[in-house]
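Observations on the model geometry
Spelled out, the chains give:
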Amino acid sequence: MADVKTLLTPMVDLKNQYLKIKSEIDAAIQEVIDSTAFINGPAVKAFQNNLEKYLNVKHVIPCANGTDALQIAMMALGLKPGDEVITADFTYVATAEVIGLLGLTPVLVDVNPDTFDINVEAIEKNITSKTKAIVPVHLFGQCANMEAIMQLAEKYNLYVIEDNAQAIGADYIFSNGGRKKAGTIGHIGCTSFFPSKNLGCFGDGGAIMTNDDELAAKCRMIASHGQSKQYVHDVLGVNSRLDSIQAAILNVKLKYLDKYIEARQWAADMYDRALSQLSEVKIPARQKKSTHVFHQYTLQVKNGKRDALREYLQSQGIPSMIYYPIPLHLQKAYQSDRYKEGDFPVTEQLCNSVLSLPMHTELNEEIIHTITNTIIQFFNK
Ligand SMILES: *Cc1c(COP(=O)(O)O)cnc(C)c1O
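Residues numbered from 1 in each chain as written. Predicted model: local features only at pLDDT ≥ 70, side-chain atom pairs only at ≥ 80, totals over all residues. Heavy atoms only, no water.

Before going further, it helps to examine the site of the ligand. As a structural note, the neighbourhood of the ligand is formed by 13 residues, with G66, T67, D163, S192 and K197 the closest of them. One of the backbone N or O atoms of G66 is found 2.8 Å from an oxygen atom in the ligand. In this structure, a nitrogen atom belonging to the ligand sits 2.7 Å away from a side-chain N or O atom of D163. For the ligand, whose accessible area on its own is 380 Å², the fraction buried by protein is 92%. With respect to the detected pockets, the ligand is housed in the largest pocket. When residues of the shell around the ligand are traced back to their parent elements, those giving at least two are α4 (66-76) and α5 (94-101). (Near = heavy atom within 4 Å. Polar contact = N/O pair within 3.5 Å; in protein donor to acceptor, adjacent residues only side chain to side chain. Areas by Shrake-Rupley, 256 points an atom, 1.4 Å probe, with all protein chains shown as cover. 1 Å grid on protein atoms, 1.4 Å probe; cavity = no way out; pocket = protein on both sides within 12 Å on 5 of 7 lines; lining within 4 Å. Sits in = over half its atoms within 2 Å of the grid points. Helix = DSSP H or I, 4+ residues; strand = E, 2+ residues; numbered from the N terminus.)

An order of β12-β13-β14 is seen for the three strands of this open sheet, with the pairing classed as antiparallel. Each having just a single partner strand, β12 (281-282) and β14 (354-357) make up the two edges of the open sheet. Looking at chain direction, β12 and strand β13 (residues 297-301) are connected through two bridges and run antiparallel. Of the residues in β13, the one forming a bridge with V281 is V301. Docked against the sheet, helix α10 (residues 306-315) engages β13 and β14, running at close to 25° with respect to β14. (Pairing = 2+ DSSP bridges. Contact = heavy atoms within 4.5 Å. Axes fitted to C-alpha atoms, helices over the stretch in contact; angles between N-to-C directions.)

So, on to the packing of α4 against α5. One way to put it is that α4 packs onto α5 with a least axis distance of 9 Å and a crossing angle of 40°. As the angle between them shows, α4 and α5 are arranged oblique. The two elements α4 and α5 meet at a crossing, and its hand is right-handed. Judged by residue contacts, T67, L70, Q71 and M74 of α4 engage A94, T95, E97, V98, I99 and L101 from α5. Across the contact of α4 with α5, the residue classes tally to six nonpolar, three polar and one charged. (Parallel < 35°, antiparallel > 145°, perpendicular 65-115°, else oblique. Left-handed = near helix turned anticlockwise from the far one by under 90°. Nonpolar A, V, L, I, M, F, W, Y, C, P; charged D, E, K, R; others polar.)

Tracing the chain through its elements places S315 in helix α10. Polar contacts involving the side chain of S315 include one to the side chain of Q316, which spans 3.3 Å.

Next up on the list: helix α9 (residues 244-275). Every α-helix winds through 3.6 residues per turn, so residues three or four apart in the chain are directed the same way. Compared with the 46 Å implied by 1.5 Å per residue over 32 residues, the 43 Å span of α9 between its first and last C-alpha is a close match. Residue Y256 marks the point of greatest curvature in α9, where the axis turns by about 50°. (Expected span 1.5 Å × (residues − 1). Bend = angle between axes of the 7 residues up to and from the residue.)

Taken across its five residues, strand β2 (residues 84-88) has five buried, putting it largely inside the fold. Examined bridge by bridge, β2 and strand β3 (residues 105-109) share five bridges and lie parallel to one another. Considered in β3, the bridge of V85 is made with P106. What joins β2 to β3 is α5, and the crossover it makes is right-handed. (Buried < 20%, exposed > 50% of the residue type's maximum accessible area, 1.4 Å probe, protein only. Right-handed = clockwise from strand over helix to strand, strands pointing away.)

Turning our eyes to something else, we now look at the sheet that holds strand β1 (residues 59-63). Pairing in this open sheet of seven strands is mixed, and the strands run β1-β9-β8-β5-β4-β2-β3 from one edge to the other. A single partner strand is all that each edge strand has here, and the edge strands are β1 and β3. Mean inter-strand twist for the sheet, computed between neighbouring axes without regard to direction, equals 25°. Bridge count for strand β8 (residues 188-192) against strand β9 (residues 206-210) is four bridges, and the pairing is antiparallel. What sits directly across from T191, in β9, is A207. The strands touched by helix α7 (residues 146-156) are β4 (131-135) and β5 (159-163); relative to β5, the strand with the most contacts, the crossing angle is about 150°.

A full pass over the atoms with the stated rule returns 16 aromatic pairs. Ring centres of F90 and F140 lie 6.1 Å apart, and the angle between their planes is 90°; this geometry places the pair in the edge-to-face category. Here F90, found in the loop between β2 and α5, pairs with F140, found in the loop between β4 and α7; they are 50 residues apart in sequence, far enough to count as distant. Residue F140 is classed as buried on the basis of its relative accessible area, which comes to 2%. Centre to centre, the rings of Y339 and F344 are 5.5 Å apart; their planes meet at 55°, and the pair counts as tilted. Like F344, Y339 is buried. Aromatic rings pair up to connect F90, Y92, F116, F140, Y323 and Y324 into one cluster. (Phe/Tyr/Trp six-rings, centres within 6.5 Å; stacked < 30°, edge-to-face > 60°.)

By secondary structure assignment, the location of F379 is in helix α12 (residues 365-380). Separated by 100 residues in sequence, F379 and S279 have C-alpha atoms that sit 9.5 Å apart. Discounting residues that sit within four places of it in the chain, F379 has contacts with L278, E280, V281, V301, K305 and L309.

Our next topic: the domain arrangement of the protein. The domain boundaries assigned to the protein delineate domain 1 (16-110 + 117-254) and domain 2 (257-380). Between the C-alpha centres of domain 1 and domain 2 there is a distance of 25 Å. Interface of domain 1 and domain 2: buried area, both sides summed, is about 3,400 Å²; carbon and sulfur atoms make up 53% of it. Inspection of the domain 1/domain 2 interface yields 27 residue pairs in polar contact (both at pLDDT 80 or more). At the level of elements, α1 (14-20), β2, α5, β3, β6 (171-173) and α9 are the ones that each hand at least two residues to the side of domain 1 that touches domain 2. If one sorts the elements of the side of domain 1 that touches domain 2 by residue count, β3 sits on top with five residues. Taken together, the residues of the side of domain 1 that touches domain 2 break down into 22 nonpolar, eleven polar and eleven charged. (Domains from an automatic or database assignment. Buried area = accessible area lost by both parts, 1.4 Å probe.)

Next up, the structure:
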């Protein structure tokens, strides 16, 4: 494309976020280097404790990334090849990938058109005698309908594994007014500290969370080569650790997580205000029973104009992303006799119409106005 303007702002501005807390981060990294406790150092234990407190959950088990967290969780639950695991068709591939890797059968179901979360009626319709678990995904930063999902799980005796890679810090609000943090409602929660996530480190990282002592012990053992004590291996495990340097960085950033969430919510409100009147797009709907931590701010663009809008934004130096362009059931790796094109109309429609705008902690009024004015300009051309 000729004559592309310099980028107004990246999708995620990690550089300016870092510069604001540079001295703290640099000191934390240097401390790990000075101690040379690179693996399982004190920073890892400290982060575990700090995150347990923040989430108000009994156990946090740090691990190498969010995909590992999901895999370790499913291994700890004792799921066996042939067991069916129900998850959303509209999600990042990692969710379904680990199900397949473990020889379990991913059973994909459609999502809700406004809030993008897994459709609870569709879950119930797909429960069979082989179903063992449900993996709701708290997509883009707000919780799936956890109260209804937990009721289903109880009724059919199923495990619930929350994929909380995108919604750390979000609150789920129960009918009785009680609140729990996303990831601490099901039997196990999994999250990712990939740099662009809401709580991101400077490389890969992840964690599992649970209130169940026995499951926590199993996850810890599996993440560490199935070791019950050094050189004693009770079960088949994996090697999945959070590096001390990453934990030290996360210890600093966790202190700012609530502020970061507020900055994202502020940006989302600004986007809303400018775009809610525009009939050609639909602003992201909010769940009634969840706060929204805006991992993504995702529009639905009507009348097949999504790709043209994206191109126009790009020509004006404004990045945008399509999360996600292809439904899982239409990906080669996940092809199955179970599904064909047309089976998940909501997901298929979303993949053709969603557009995520820059969303991060460093947005300001000027940047947002430029972005929203450019979108309005496109439709008035
Ligand atoms: C990022 C992400 C993961 C995987 O996390 P990694 O740390 O990249 O392995 C899993 N599920 C969802 C929904 C994600 O967004």
